[in-house]
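Inside the fold
Residue-level listing of the chains:
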Amino acid sequence: MHFDWDPDTFATGITAMDDEHKVLVGLINALAKNRGTENRDLLESILKTLETYVKNHFVHEERIMRRMNYDKFQAHVAQHQSFIRMLKQIESEFQKQTNTKAVIETTLSFLKEWLSQHIMVQDKAYGRFLVE
Ligand SMILES: [Fe+2]
């Protein structure tokens, strides 16, 4: 599993957001690349970086959507909140140290889904809204 950031697939048309999405794709690739490792510290540091990055990114994205009076702002924010809840759940499962591999696999399918459903659909939608 490896994602190449390409504009047709991922671009919202808002450069600052696209740049942040590129970093996210990179973090997802890093997790995928290390999915089989026994090194829990490495996995933990990727998960922590992802969590921090995502939270900051959502703040930026929500600021832009608010500024442009995006009509689907509330629904979009609700998706961000559920993403953060999911990451917290993942984090607590990871801390149990019982089944690291399964936790990482679940995380990867969740992130893959996020790329294809959220970034490729919902984020592109606010990009179009801004252009119109
Ligand atoms: Fe978003």
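Overview of the structure. Here the residue index of a chain counts from 1 through its sequence in written order. Under the rules for a predicted model, residues below a pLDDT of 70 receive no local features and side-chain atom pairs below 80 are neither given nor counted, while totals for whole chains, interfaces and linings still include all residues.

Take the environment of E132 next. Residue placement: E132 occurs in the segment after α5 (100–131). Residues E132 and F58, 74 residues apart in the sequence, show an inter-C-alpha distance of 22 Å. Only DSSP runs of H or I with at least four residues qualify as helices, and only runs of E with at least two residues qualify as strands; both kinds are numbered from the N terminus onward.

What follows deals with the environment of A75. Note on placement: A75 falls in helix α4 (residues 73–95). Residues A75 and Q122, spaced 47 residues apart in sequence, show a C-alpha to C-alpha distance of 9.7 Å.

So, on to helix α3 (residues 40–67). Compared with an ideal rise of 1.5 Å per residue, which puts 28 residues at 40 Å, α3 spans 40 Å between its outermost C-alpha atoms and is within 8% of the ideal. Among the residues of α3, L43, I46, L50, V54, E61 and M65 are the ones counted as buried. Residues of α3 that are buried make contact with α2 (15–33), α4 and α5. Within two residues after α3, N69 carries a phi angle of roughly 50 degrees, on the positive side. One less than the number of residues in a helix, times 1.5 Å, gives the span that helix is expected to have. Exposure criterion: with C-beta atoms placed from backbone coordinates, a residue whose C-beta has 20 or more other C-beta atoms within 10 Å is buried, one with 12 or fewer is exposed, and one in between is partly exposed. Contact between two residues is assigned whenever their backbone-derived C-beta positions fall within 7 Å.

What follows deals with unusual backbone geometry. For N69, which is not a glycine, the phi torsion comes out positive at approximately 50 degrees. Relative to the elements of secondary structure, N69 occurs in the loop between α3 and α4. Taking the C-beta count within 10 Å as the criterion, N69 has 8 such neighbours and is therefore assigned exposed. Positioned with a positive phi, Q97 is a non-glycine residue whose angle comes to about 60 degrees.

Next up on the list: the packing of α3 against α4. Interaxial angles span 0 to 180 degrees and are taken between N-to-C directions of axes, which are lines fitted to C-alpha atoms, for helices over the stretch in contact. In contact at an axis separation of 11 Å, α3 and α4 are set at 170 degrees when each is read in the N-to-C sense. Compared by their axis directions, α3 and α4 come out roughly antiparallel. Facing E44, L47, E51, V54, K55, F58, E62, M65 and R66 of α3, the residues of α4 in contact are F73, H76, V77, H80, F83, I84, L87, E91 and F94. Just so you know the grouping, Ala, Val, Leu, Ile, Met, Phe, Trp, Tyr, Cys and Pro go in nonpolar, Asp, Glu, Lys and Arg go in charged, and all remaining residues, Gly too, go in polar. In terms of residue class, the contact of α3 with α4 is made up of ten nonpolar, two polar and six charged. The cut-offs work like this: below 35 degrees is roughly parallel, past 145 is roughly antiparallel, 65 to 115 is roughly perpendicular, and the gaps in between are oblique.

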